[in-house]
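# Coordinate analysis (summary)
This is what each chain is made of:
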Amino acid sequence: MSSQIYRSASRTLRSLISASKNSSLFVEGRAVAAATTTSFRGKVPSLASYYGRAESRNVSSGWISGTLALPAAAYMLQEQEAHAAEMERTFIAIKPDGVQRGLLAEIISRFERKGFKLVAIKLVVPSKDFAQKHYHDLKERPFFNGLCDFLSSGPVLAMVWEGEGVIKYGRKLIGATDPQKSEPGTIRGDLAVVVGRNIIHGSDGPETAKDEISLWFKPEELVNYSSNSEKWVYGNN
């Protein structure tokens with residue numbers, strides 16, 4: 001779920017708890033509960049059961065806060081925190097071969113069609129020293145110098161993408177390091193032929209993503225915004 005959904009859920013929960021303290025808001029509280037149940041469909045069955053129990057007893061004094069509103073609110077806040085952890089950012093770079101071959105729009109569109117959100121982008125020509133920092137974990141490999149030479153040989157499109165599971169799925173979208181071992185439908189499987197020209201790089205884990213994003217982008221270059229498409233991607237509609 002997106003952060004926009006969480007903020008909406010929090011507002012709903014505050015209304016629910018407020019309604020539980022005021023008997024005059026019983027009708028409004030029922031509406032809030034219905035909206036909350038819809039937003040968390042399949043995740044809070046206890047809410048519907050509590051509500052049905054209260055209505056069947058004709059409770060005219062409002063919600064029974066100790067039995068309904070507070071347990072439901074606590075449950076949903078826990079769910080909110082758990083799903084917030086799923087929202088990730090990853091670093092994706094289209095290498096000089098991908099730029100020179102005119103594959104920028106093709107590659108960007110694959111991430112967009114999946115439903116991920118672009119939050120930073122710039123075209124840069126990295127220096128050799130910068131390339132060495134990027135590939136620092138490979139400095140003991142025999143191909144390290146050649147790798148750095150190639151990354152610094154021309155323009156690189158550096159990007160940060162955001163979404164649930166974007167790090168792991170981004171790697172799947174890219175395909176195996178060796179294009180000939182990449183499945184058809186992946187970026188490398190469809191658009192590349194040899195390892196030395198595999199056109200794209202993607203972070204392989206949360207810590208790597210954090211390090212690479214901070215290496216390539218200043219904090220002020222990362223944009224926080226809500227996309228109109230998020231409700232259609234994550235189901236908040």
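Starting afresh in each chain, residues are numbered from 1 along the sequence in its written order. Reporting of local features is limited, given that this is a predicted model, to residues whose pLDDT is at least 70; pairs of side-chain atoms are given and counted only at 80 or more, and all residues count toward the totals for whole chains, interfaces and linings. Computation of side-chain values covers all heavy atoms of the structure but excludes hydrogens and water.

Within an unreviewed UniProt entry, the label attached to the protein chain reads Nucleoside diphosphate kinase, and the organism entered is Macleaya cordata. You can read under Subunit (unreviewed entry) in the UniProt record for the protein chain the words "Homohexamer." UniProt positions are given in the numbering used here, feature names are shortened, and annotations may be inferred rather than shown by experiment. Recorded in UniProt for the protein chain, the comment headed Subcellular location (unreviewed entry) runs: "Plastid, Chloroplast thylakoid lumen".

Turning our eyes to something else, we now look at the UniProt feature "active site" (unreviewed entry) in the protein chain. According to UniProt, the "active site" (unreviewed entry) feature falls on His201. Segments assigned H or I by DSSP are reported as helices when at least four residues long, segments assigned E as strands when at least two residues long, and all are numbered from the N terminus. With respect to the secondary-structure elements, His201 resides in strand β4 (residues 200-202). Assessed through its relative accessible area of 15%, His201 is described here as buried. Contacts were defined at the residue level, with two residues in contact if any of their heavy atoms lie within 4.5 Å. Not counting chain neighbours up to four residues away, the residues in contact with His201 comprise Phe91, Ile92, Ala93, Lys95, His134, Ile174, Arg188 and Glu212. The rule is simple: take the accessible area with a 1.4 Å probe, protein chains only, and divide by the maximum for that residue type; under 20% is buried, over 50% is exposed, in between is partly exposed.

Among all positions in helix α9 (residues 166-174), only Val166, Ile167, Gly170, Leu173 and Ile174 are buried. Buried residues of α9 fall within an arc of 120 degrees about the axis and therefore sit on the same side. Counted as exposed and oriented over 90 degrees from the buried face of α9: Lys168 and Lys172. The inward-facing, buried residues of α9 contact β1 (87-94), α6 (104-114), β3 (156-164), α10 (187-191), β4 and α11 (206-216). Throughout, the arc means the angular range of directions from the helix axis out to the C-beta atoms.

Its location among the elements puts Arg110 in helix α6. Given the relative accessible area of 11%, Arg110 is considered buried. Looking at Arg110, its side chain comes within polar contact range of the main-chain oxygen of Gly185, at 3.1 Å. Setting aside chain neighbours within four positions, we find Arg110 in contact with Leu173, Gly185, Thr186, Ile187, Asp190 and Leu191. Contacts described as polar in this section are N or O atom pairs within 3.5 Å, which, within protein, must combine one atom able to donate a hydrogen with one able to accept it, while residues neighboring in sequence count only if both atoms come from side chains.

Looking along a regular strand, one sees side chains alternate from face to face of the sheet. Should DSSP find at least two bridges between two strands, the strands are regarded as paired. Pairing between β1 and β3: 8 bridges, direction antiparallel. Each bridged residue has a counterpart across the sheet, and for Phe91 the counterpart in β3 is Val160. As defined by bridge partners, β1 adjoins β4 across 3 bridges and the pair is classed as antiparallel. Paired with Ile94 across the strands is Ile200, a residue of β4.

A separate point is the confidence of the model for the protein chain. Averaged over the protein chain, the pLDDT score is 78; the fraction of residues at 70 or greater is 63%. Each residue carries a pLDDT value, the predictor's own confidence for that position, ranging from 0 to 100. Low pLDDT, under 50, characterises residues 16-70; the predicted model gives this stretch 52 contacts beyond four residues in sequence or across chains. The low-confidence segment residues 79-85 (pLDDT under 50) makes 7 contacts with residues lying over four places distant or belonging to another chain.

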